[in-house]
Amino acid sequence: MNTNYVTTRWYRSPELILNLPYGVNIDVFSLGCVMLELYLGYEAFPGKDAIDQLNKVFSVVGTPSIEEWPEGMKHLEEKRIVFPAYEKTDLHSHIAAIS
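So, a few notes on the structure that sits alongside this text. (Residues numbered from 1 in each chain as written. Predicted model: local features only at pLDDT ≥ 70, side-chain atom pairs only at ≥ 80, totals over all residues. Heavy atoms only, no water.)

Here we come to the nonpolar core. Counting residues in each nonpolar core, the largest one holds 14 residues, and the members touching the most others are Leu18, Phe45, Leu54, Phe58, Trp69, Leu76 and Phe83. Elements supplying a minimum of two residues to this core: α3 (50–61) and α4 (70–78). Looking at which element gives the most residues to this core, the answer is α3, with 4 residues. (Core = buried A, V, L, I, M, F, W, Y, C linked by side-chain atoms within 4.5 Å. Buried < 20%, exposed > 50% of the residue type's maximum accessible area, 1.4 Å probe, protein only. Helix = DSSP H or I, 4+ residues; strand = E, 2+ residues; numbered from the N terminus.)

So, on to the layout of surface pockets. Here the largest pocket is characterised by a volume of approximately 340 Å³. As for the largest pocket, its lining consists of 19 residues, and the residues nearest its centre are Pro14, Phe29, Phe45, Val57 and Val61. At the level of secondary structure, the elements contributing two or more residues to the lining of the largest pocket comprise α1 (14–17), α2 (24–40) and α3. No other element matches the 6 residues that α2 contributes to the lining of the largest pocket. Broken down by class, the residue content of the lining of the largest pocket amounts to 12 nonpolar, 4 polar and 3 charged. (1 Å grid on protein atoms, 1.4 Å probe; cavity = no way out; pocket = protein on both sides within 12 Å on 5 of 7 lines; lining within 4 Å. Points joined across faces, edges and corners; volume = space filled by probe spheres on them. Nonpolar A, V, L, I, M, F, W, Y, C, P; charged D, E, K, R; others polar.)

This part is about the packing of aromatic side chains. Evaluation of the coordinates by the stated rule reveals 3 aromatic pairs. With a centroid separation of 6.2 Å and 20° between ring planes, the pair formed by phenylalanine 29 and phenylalanine 45 is classed as stacked. Of this pair, phenylalanine 29 sits in helix α2 while phenylalanine 45 sits in the loop between α2 and α3, placing them 16 residues apart in sequence. When the centroid spacing of 6.3 Å and the interplanar angle of 75° are considered together, the rings of phenylalanine 58 and tryptophan 69 count as edge-to-face. Of this pair, phenylalanine 58 sits in helix α3 while tryptophan 69 is found in the loop between α3 and α4, placing the two residues 11 residues apart along the sequence. Here phenylalanine 58 matches tryptophan 69 in class, with each residue buried. Among the aromatic residues, those joined into a ring-pair cluster are Phe58, Trp69 and Phe83. (Phe/Tyr/Trp six-rings, centres within 6.5 Å; stacked < 30°, edge-to-face > 60°.)

Here it is as structure tokens:
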């Protein structure tokens, strides 16, 4: 059984926040957030609401382009939601000790 409801916003993938179709990437993102929180000892993306949540994710991994994430970026454009153009970064640069 699949459900699109994730209790804690901080573990919701961008696709889930935007109500896009379910894919395994949603679960992988959530698991990654939990693992990162266990490693760091604090929440990786503690957004106050859905938009702030996306902003926190994009500020770390970079704002996706329309080519990289067509469904999501088209959805955001339709809603007239614009995020700063955060530069793409490697997660390792934020967490140097991960091997």
